[in-house]
Amino acid sequence: MSIAFHWFLPTNGDGRRLVEPEQPVPGVAGGQRPATFGYLTQICLAAEAFGFEAALTPAGPWCDDAWVTTAALAQRTERLKFLVAFRPGITSPTLAAQMAATYQFHTGGRLLLNVVTGGDSAEQHAYGDWLDKDGRYQRCGEFLDIVRGLWSGEVVDYEGTHLHVEGGALGRRPDPVPDVYFAGSSPAALDVAARHADVYLTWGEPPAQVAEKLDRVRKLAAAAGRSLRCGIRLHVISRDTAEEAWKVADGLLEGISEEEIAKVHARMKTTESEGQRRMLELHGGSRDDLEVSPNLWAGVGLARGGAGTALVGSHAEVADRIEEYAELGIDEFILSGYPHLEEVYWFGEGVLPLLEQRGSWTRPVGLAEGMRTGSLESGGVAFGVVPDRR
């Protein structure tokens, strides 16, 4: 089975470093890039041209709404799907099922759903959600029970501990039914994933830790009479040489003081997310020994919450690490890099051709060849020379 690749849309803004100064420095490239519709469109078009299947769009008070943003971007793209993150405790299940069906109808079936249960009570409180962590996972399972029933064409009468629906039905069913992506590392999360997810997601931990987690969720899914695909969320820094890549990685942390790192570390320790706890353990709040596994760098997590690791190295090294994760059973890779427009080109030009050559990745059928220069030997266009085809 060929690996699938997805990219990321930075709907809270972008930059050349993990933390950009509020005011640009004259004569120094960088500064904050707002997540304008034009900039996000550039990222989408580049990802689509290189053969990425979808773009993950985050959910939270710190970024723009994923549903509205991607519905607009779908009108500027042709093939790219959108992996929309959303919180099941904030929207009614019937409305969410209806939104998905409408989205599929108007985009030609380009919606994927990333269900985010929520691992930070403070953030959930800001949305008016006061359930504890276990309650949120229980409600999430009920939510997906209802949504799956509606998508299958049932008239849904459902009374759970947290959700109650009577006579729920859809005038239009989604075609196709969107795949459900679900992440989490706690026992409650793995249980919901095993019963409901089409794709189970993990953040980028060292291979041995990923293998152990995948084994647990697969056993739970098998016990429920199901099987699922698995994906991983990683940043990526790929360059022509390993030395260049590691220099870029070091540069991402430029201008970030030890006090700022300590503040981020303290804030992340207050979350209830087991996945976030595992990310914090990789770096311990210190800049020392950030290569926690070959080519796996934990530096991103020093300054940001969420996915905190990056694959760093030459294009061949990054391709090797991707194949290593694939051998563990990772089917899908959700990648990102700073800045997201430039990094999709580095990965698309450097790593994807290697994986295609090795047979690990198949270029999507019908993908335009415009991103490949070609050669005189193959009859392509190279260095401005157009071969005589007569």
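Below: a short report on this structure. Predicted model, so just to flag it, every value in this text is computed and none were measured.

Examining unusual backbone geometry
Cis geometry marks the peptide bond from D175 to P176, where omega comes out at 0 degrees. The residue P176 is located in the loop between β6 (164-168) and β7 (180-183) in this model. Between Y338 and P339 the backbone carries a cis peptide bond, its omega angle lying at -15 degrees. Mapped onto the elements of the fold, P339 is located in the loop between β13 (332-336) and α13 (340-350).

Let's talk about the environment of G204
Here G204 lies in the loop between β8 (199-203) and α7 (207-223). Put simply, G204 and R233 are 29 residues apart on the chain and 5.7 Å apart in space, counted from C-alpha to C-alpha. With residues up to four places along the chain from it excluded, the contact list for G204 reads I232, R233, L234, M279, L282, L296 and T309.

What about the state of the cysteines?
Applying the stated rule across the entire model yields zero disulfides. Take C44: it sits in no disulfide, and the sulfur closest to it among the cysteines is that of C63, at 14 Å. For C44, a relative accessible area of 1% translates into the label buried. Left without a disulfide partner, C230 is nearest to the cysteine sulfur of C140, which lies 17 Å away. Residue classification places C230 among the buried residues on the basis of a relative accessible area of 0%.

A few points about the packing of aromatic side chains
Here a ring pair, both rings aromatic, is described through the centre-centre distance and the interplanar angle of the planes. Taken as a whole, this structure holds 10 aromatic pairs when the rule is applied. Judged by centre distance (5.5 Å) and plane angle (65 degrees), the ring pair of F5 and F347 falls under edge-to-face. With F5 in strand β1 (residues 4-8) and F347 in helix α13, this residue pair connects regions lying 342 residues apart in the sequence. Plain terms: the ring middles of F50 and Y345 are 5.2 Å apart, the flat faces sit at 90 degrees to each other, and that makes the pair edge-to-face. Placement of the pair is F50 in helix α1 (residues 37-50) and Y345 in helix α13, with a sequence separation of 295 residues. Of the residues examined, F50 reaches a relative accessible area of 3% and is grouped as buried. Three or more aromatic residues joined by ring pairs make a cluster, and in this case those are F5, W7, F52, F333 and F347. The ring of F105 carries R172 above its face, with NZ or CZ at 3.6 Å from the centroid.

Points about α1
Here α1 contains 14 residues, and its C-alpha end-to-end distance of 20 Å stays within 8% of the 20 Å for a straight helix at 1.5 Å per residue. Those residues of α1 that are buried lie in contact with β1, α2 (66-73), β3 (81-86), α13 and α14 (352-358). Phi turns positive, to about 105 degrees, at G51, one or two residues after α1.

Rules behind the numbers
- Residues numbered from 1 in each chain as written.
- Predicted model: local features only at pLDDT ≥ 70, side-chain atom pairs only at ≥ 80, totals over all residues.
- Heavy atoms only, no water.
- Helix = DSSP H or I, 4+ residues; strand = E, 2+ residues; numbered from the N terminus.
- Contact = heavy atoms within 4.5 Å.
- Disulfide = S-S within 2.5 Å.
- Buried < 20%, exposed > 50% of the residue type's maximum accessible area, 1.4 Å probe, protein only.
- Phe/Tyr/Trp six-rings, centres within 6.5 Å; stacked < 30°, edge-to-face > 60°.
- Lys NZ or Arg CZ within 6 Å of the ring centre and 35° of its normal.
- Expected span 1.5 Å × (residues − 1).

Geometry only, nothing functional implied.
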